[in-house]
Amino acid sequence: MNSLVEPRKWEKFFWPVLACVLFLALWHYLVIWSATKVFPSPLAVEKGIAELARKSLLWRYIGDSLRRVALGYGAAVVLGIPVGLTLGWYPAANQVVNPVFQMLRPISPIAWIPVSIILFGVGDTTAVFLIFLCAFFPIVVACVDGVSGVPAMYRQAGRNFGLSPVQLLSKVVFPAALPQIIIGLRIALGIAWLVVVAAEMIAVDSGLGYLVIDARNSGKRYDLVVAAMLMIGIIGLALDLLFRRLRNIRSVRWGFRHGT
Amino acid sequence: MSLSPSPETKLTAERIGMVFKRDGNSTNVLRDINLTVGRGEFLCVLGPSGCGKSTLLNTMAGFLSPTSGEIRIDGEAVRGPDPRRIFVFQERGVFPWLTVEGNIGFGLFKLSRAEREQRIAHYVQLVGLEGFQKAYPAELSGGMKQRLEVARALAVNPDMLFLDEPFGALDSITRLTMRRELLRIWEAEKNTIIFVTHDIDEAVQLADRVAVMSDRPATIQQIVEIDIAHPRDIGSARYLELRHGIFDQLGLAHKV
Ligand SMILES: Nc1ncnc2c1ncn2[C@@H]1O[C@H](COP(=O)(O)OP(=O)(O)O)[C@@H](O)[C@H]1O
Ligand SMILES: [Mg+2]
C-alpha cells in the first residue's frame, strides 16, 4: 500500500505548490535585495494583473490570443492530418514532397512574418497564417511517421478480413498511428502558443504578445510586461495539461506505456 | 493433374518455389514443394528456424506470390488473402486499440448489429474470455491475447486457419493448455488447419499429419502420419516412436 514510488494524493499537490511558493519568495527577495528599479516584484505584478482585469483588457487579450491559436492550429489539424495520412500511405508521394518539407521545416515562423505581411497585410490573418505554418509541419511529419510505423502485421490482418483500402486506412492504420499523431498534435500546439506571442508583437494590436510589447513601449510598464509573461506561461501550461488528458482515452492508452 | 480435385482435397501446392531477391543477391528459400491437404485436416509444418515455414504459409494465405508453382484451394488458384481463410500471428496480431469485443467483431462489419453481437458472445464463450468483453489487450495475459486472436479469426467462420507458431511466445504451461483448447475448438468447428511450428512435440501432439521440412532451400522431406486418437497420451509407446522418427528425420541426437 505504502509504495515508495507512487506519490500519495496530497504529495501530488503539495510539492508543486511548495515549489511555486519558494519561487515567488525568491523572486520577491531578489527584487528587494538587488534594489532594481526596473524589474517588478510579484506583488506589483499581481497589482498589474488586477489593473488589466479592471480595464477588462485581460480577458479580451487572452481571448484574442486563444482565438488566433484556435483558427491557425485548427486549420493545421484539419489539413495536416489528411495530408500526413496520405503521404504516409503512399511512400512514393512522400518521397516527392519530403525534400521540400525538410527544407521548409527549419525556417522559423518568425522569418515568415515579412512574407505573410505582404500576403495578408498587418492583422489577424497574418497571425493566424503564421500559427498555421508552424503547426502544420509537425502534424504532417507525425502522421507520416505514425502511418509508416504501423506494423505490417496489422495491415495484413486488415486485408485478410476483406477490408477495402479506405476501411483499412480508417479502421486499422489510423487507430494504430493515433498515439503517434497525438504526440505530434501536442508538440504542434506548444509551438503554436510560442508563435502566437511572437506574431502578436509585430502583426496585430491585441493579444498577450501585443501586451508585452505595448506595456514596454508605452510607459515602460514592466509590471504589465511580466504580468503578460506570467499569463502566457500559465495558459501554455493549461493547454498542455488539457492535451495530456487525451492519453487517458482508452483506445489510445496502449500507445503511451512509458514516460510522463 | 486432374482438373477437378477430389472433394476431400482442400489445398494443393504444386512445385512451389520461392526466391527472394534483395540487393543483388538472391536467396533460394523454397524448392519444389508439393503438398495436398485434406478437408478438415490438421496439418503441422515442422522445420528448423529460418527454413522457410512462414514463407510457405504466407504463399498459401495469399500474402506472397510464389516465384514458381501454384497453390489451389477448393480447386481455385490463390490470388490474394481471403476472409474465408484467416492467418493467425503470434498474439501480437490483436489490435490494441480495440476491446476484446471489438477485436472479435472486427471482421463482422458486413453483418447486422444483432448478428454481430450474437457471434461475439458465442466466440467470447468458446475461447473462455467471459467477463473480459470490455477489456483491452494490454490488460490481458499472453495466453488470453492468443485466444482472442483465435476468436477473432473464428468469428468470420473461415474454412481454413493458418497459424504461424501461434504459441511460440507463451510459457510452456500456457502452451500446453492452448494446444488442448485449439484441439477442442477444431473438433467443434471442423476447419482445415495448417499449423507451423519448430517444436517437434507440439507437432506430434496436434497434427493428423506432420510435413517435415529440410533446411534451405526447403523441400518437404517426409510426411508423417500421426495415427493416435485424441486425447493423446504423450507417454505412449507409439507417441515416442513417432517423435523419435521425426528427431531422426531432422538429423537430431536423442541425448542432450
Ligand atoms: N521478404 C523477404 N526478403 C528476403 N528474404 C526473406 C524475406 N522473407 C524471408 N526471407 C528469408 O527467407 C528465409 C526463411 O524465412 P521464414 O520463412 O521466415 O523462415 P521460418 O518461418 O521457417 O523461420 C530466411 O532466411 C529469411 O531471411
Ligand atoms: Mg517463421
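Residues numbered from 1 in each chain as written. Chains lettered and ligands numbered in written order. Predicted model: local features only at pLDDT ≥ 70, side-chain atom pairs only at ≥ 80, totals over all residues. Heavy atoms only, no water.

Before we move on, can you summarise the overall build of chain B with the specific residues and values?
Regarding its fold elements, chain B presents seven helices and 10 strands. Taking 18 Å as the expected radius of gyration for a compact globule of 256 residues, we find that chain B reaches 19 Å, a close match to that expectation. Taken along its principal axes, the extent of the C-alpha atoms in chain B is 50 × 45 × 40 Å. Sorting the 256 residues of chain B into buried and exposed places 51% on the buried side. When the accessible surface of chain B is totalled, it reaches about 11900 Å², and 49% of it is carbon and sulfur. (Helix = DSSP H or I, 4+ residues; strand = E, 2+ residues; numbered from the N terminus. Rg over C-alpha atoms; globule rule 2.2 N^0.38 Å. Buried < 20%, exposed > 50% of the residue type's maximum accessible area, 1.4 Å probe, protein only. Areas by Shrake-Rupley, 256 points an atom, 1.4 Å probe, with all protein chains shown as cover.)

Before we move on, could you go through the pairing of strand 10 (residues 220–225) of chain B and cite the residues and values that matter?
Residue and element names in this part refer to chain B. Two elements, strand 9 (residues 209–213) and strand 10, share five bridges in a ladder whose sense is antiparallel. Its bridge partner lying in strand 10, A211 is registered against I223. In this antiparallel pair of consecutive strands, strand 9 and strand 10, the connection spans six residues. (Pairing = 2+ DSSP bridges.)

Account for the side chain of S214(B), with residues named and values stated.
Mapped onto the secondary structure, S214(B) falls in the loop between strand 9 and strand 10. Residue classification places S214(B) among the buried positions, given a relative accessible area of 12%.

Give a detailed account of the pairing of strand 1 (residues 9–22) of chain B, specifying residues and quantitative values.
All names here are of chain B. Judged from the 10 bridges that link them, strand 1 and strand 2 (residues 25–38) form a sheet pairing that is antiparallel. What sits directly across from F20, in strand 2, is T27. Linking two consecutive strands that pair antiparallel, namely strand 1 and strand 2, is a turn of two residues; a positive phi of about 50° is found at D23 within it. One ladder, built from five bridges, connects strand 1 with strand 4 (residues 68–73); its direction is antiparallel. From the neighbouring strand, E14 faces strand 4, where its bridge partner is E70.

Tell me what's going on with helix 1 (residues 53–61) of chain B, and back it up with residues and numbers.
Most of helix 1 of chain B sits out of view: eight of its nine residues are buried. Every buried residue belonging to helix 1 of chain B is among K53(B), T55(B), L56(B), L57(B), N58(B), T59(B), M60(B) and A61(B), and all of these are buried.

Talk me through the confidence of the model for chain B; I want residue IDs and the actual numbers.
Put simply, chain B has an average pLDDT of 92, and 96% of its residues get 70 or more. Among the prediction metrics, the complex's ipTM stands at 0.90, with pTM recorded as 0.87. (pLDDT = per-residue confidence, 0-100.)

Can you tell me about unusual backbone geometry, naming the residues and giving the values?
With the exception of glycine, the majority of residues adopt a negative phi angle, and the majority of peptide bonds are in the trans configuration. In this structure, the amide linkage connecting R216(B) to the following residue, P217(B), adopts the cis form with an omega of -10°. Mapped onto the fold, P217(B) is located in the loop between strand 9 and strand 10. Here the bond from H230(B) into P231(B) is cis, since omega is -10°, no more than 30 degrees from zero. For A35(A), which is not glycine, the phi torsion reads 50° and is therefore positive. Of note, A35(A) is situated in the loop between helix 1 (9–34) and helix 2 (42–54). When its relative accessible area of 49% is taken as the criterion, A35(A) is described as partly exposed. Unusually for a residue other than glycine, D23(B) sits at a positive phi of about 50°.

Before we move on, can you summarise the site of ligand 1 with the specific residues and values?
All names here are of chain B. Taken together, F20, R22, V29, P48, S49, G50, C51, G52, K53, S54, T55 and R216 make up the full set of residues adjacent to ligand 1. Contact distances for ligand 1 include 2.5 Å between an oxygen atom and a side-chain N or O atom of T55. The side chain of R216 places a nitrogen or oxygen atom 3.5 Å from an oxygen atom of ligand 1. Alone, ligand 1 offers 560 Å² of accessible surface; in the complex the protein occludes 66% of this. When residues of the shell around ligand 1 are traced back to their parent elements, those giving at least two are strand 1 and helix 1. By residue number, the principal contributor to the shell around ligand 1 is helix 1, which donates three residues. Grouping the constituent residues of the shell around ligand 1 by class yields four nonpolar, five polar and three charged. (Near = heavy atom within 4 Å. Polar contact = N/O pair within 3.5 Å; in protein donor to acceptor, adjacent residues only side chain to side chain. Nonpolar A, V, L, I, M, F, W, Y, C, P; charged D, E, K, R; others polar.)

So what's going on with the interface of chain B and chain A? Residues and values would help.
Each partner contributes to the interface: chain B provides 25 residues, whereas chain A provides 19 residues. In terms of surface lost to chain A, no three residues of chain B exceed W97(B), F106(B) and F109(B), which account for 32% of the buried area on that side. The interface formed by chain B and chain A holds one salt bridge in total. Counting every contact that joins chain B to chain A gives five residue pairs in polar contact (both at pLDDT 80 or more). At three residues, the largest contribution of residues to the side of chain B that touches chain A is made by strand 6 (residues 85–88) of chain B. A breakdown of the residues in the side of chain B that touches chain A according to their chemical character gives 16 nonpolar, three polar and six charged. (Contact = heavy atoms within 4.5 Å. Buried area = accessible area lost by both parts, 1.4 Å probe. Salt bridge = Lys/Arg side-chain N within 4 Å of Asp/Glu carboxyl O.)

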